[in-house]
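Residue-level structure breakdown
Spelled out from the first residue to the last, the chains are:
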Amino acid sequence: MKILVIEDDRQAASYLAKGLKEASHVVDVANDGKEGLFLAGAEHYDVMIVDRMLPGRDGLSLVQVLRAAGNDTPVLFLSALGSVDDRVKGLKAGGDDYLTKPFAFSELLARIEVLVRRRGAAQPQTRLTVGDLELDLLSRSVKRSGKAIDLLPREFSLLEYLMRNAGSVVTRTMMLENVWDYHFDPQTNVIDVHIARLRQKIDKDFPTPLIHTVRGAGYSLRAAEA
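On a predicted model such as this, the values are computed, not experimentally measured, just so you know.

Scoring rules and cut-offs
- Residues numbered from 1 in each chain as written.
- Predicted model: local features only at pLDDT ≥ 70, side-chain atom pairs only at ≥ 80, totals over all residues.
- Heavy atoms only, no water.
- Helix = DSSP H or I, 4+ residues; strand = E, 2+ residues; numbered from the N terminus.
- Buried < 20%, exposed > 50% of the residue type's maximum accessible area, 1.4 Å probe, protein only.
- Contact = heavy atoms within 4.5 Å.
- Areas by Shrake-Rupley, 256 points an atom, 1.4 Å probe, with all protein chains shown as cover.
- Lys, Arg positive; Asp, Glu negative; His and termini not counted.
- Charge placed at Lys NZ, Arg CZ, Asp CG, Glu CD.
- Polar contact = N/O pair within 3.5 Å; in protein donor to acceptor, adjacent residues only side chain to side chain.
- Pairing = 2+ DSSP bridges.
- Axes fitted to C-alpha atoms, helices over the stretch in contact; angles between N-to-C directions.
- Core = buried A, V, L, I, M, F, W, Y, C linked by side-chain atoms within 4.5 Å.
- UniProt positions renumbered as here; feature names shortened; annotations may be inferred.

What follows concerns the overall build of the chain. Looking only at helices and strands, the chain has 8 helices and 12 strands in total. Looking at the chain as a whole, 41% of its 226 residues qualify as buried. Counting contacts in the chain only where the partners sit at least 6 residues apart, residues at least 24 apart contribute 54% of the total. Accessible surface computed for the chain: about 11800 Å², of which carbon and sulfur atoms make up 51%. Looking at the chain, you have 30 positive and 31 negative side-chain charges, and the mean spots of the two groups are 2 Å apart.

Structure representation (structure tokens):
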């Protein structure tokens, strides 16, 4: 699923994003109400996780604006404000669920799944396919033309990210942020090393390469050259 996290506590936001990505979700993060409102209106999300107390625009008014605009994306409020009155205010503002801090991450994941089921959304994607390459998110396995390919955890995460963005150019910054969770350039060749390893495993023994270098931009995974 594609999830928007709106949380001004950067440490908490990082924790949420990391856990959701490990559960194979795609995550965007906004650190204030204004940015969150912009992203919620500009992108399609399956679920939004919204903190009650936000700078710029508080969580309650943010959700009220979205609902008034016809945005019916399920909203899970997260807040340290846990009284009955606080929970009622969150639900009346347009929230679909309310979880108080601190919380168990397993409960958060379960509540997200329930929200999506209630909405009648499609089941989360568990298999990615590009050409003859298949990646199974549940079994954490990869095959090409039916041949099993063993990948290390980081290689698997990198391939998953490339496959989710198949046909598009993926920059170094995008890979550092979404695969390594770096929000700075560590000035190493870590990406080049991992791409080289993936090519050895994914492309070397097959007639058609899938991983392509886009000179001066990054990399693209696609079934054939355009």
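For the rest of this paragraph, the subject is the side chain of R144. Within the element layout of this structure, R144 appears in strand β8 (residues 141–144). Of the polar contacts made by the side chain of R144, one reaches the side chain of D132; its length is 2.9 Å. At 3.1 Å, the side chain of R144 forms a polar contact with the side chain of D203. If we skip the residues at most four places from it in the chain, R144 touches D132, L133, I149, I202, D203, F206, T208 and L210.

The next thing to look at is the sheet that holds β8. Read across the sheet, 4 strands follow the order β6-β7-β8-β9 without closing on themselves; strand pairing throughout is antiparallel. Only two strands of the sheet have a single neighbouring strand rather than two, namely β6 (127–130) and β9 (147–149). Across the sheet, the mean angle from the axis of one strand to that of its neighbour is 25 degrees, orientation sign disregarded. Two elements, β6 and strand β7 (residues 133–136), share 4 bridges in a ladder whose sense is antiparallel. By the bridge assignment, T129 is partnered in β7 with E134. The sheet strands contacting helix α6 (residues 153–164) are β6, β7 and β8, and the helix crosses β7 at an angle near 115 degrees.

Here we come to the nonpolar core. The biggest cluster of nonpolar side chains holds 28 residues, and the ones touching the most others in it are V142, L159, M175 and L221. For this core, the secondary-structure elements that each account for two or more residues are β6, β7, α6, α7 (172–178), α8 (190–202) and β12 (218–221). At 6 residues, the largest contribution of residues to this core is made by α6. Those residues in contact with L159, other than ones at most four positions away along the chain, are L133, L135, V142, L151, L198, I202 and L221.

With numbering aligned to this structure, UniProt lists the feature "modified residue: 4-aspartylphosphate" (unreviewed entry) at D51. With respect to the secondary-structure elements, D51 resides in strand β3 (residues 47–51). In contact with D51, not counting residues within four places along its chain, are I6, E7, D8, G59, L78, S79 and K101.

With that settled, consider the UniProt feature "domain: Response regulatory" (unreviewed entry) in the chain. When the UniProt feature table is mapped onto this chain numbering, "domain: Response regulatory" (unreviewed entry) sits at residues 2–116. Taken end to end, residues 2–116 has its terminal C-alpha atoms 11 Å apart, with 47% of it in helix and 21% in strand.

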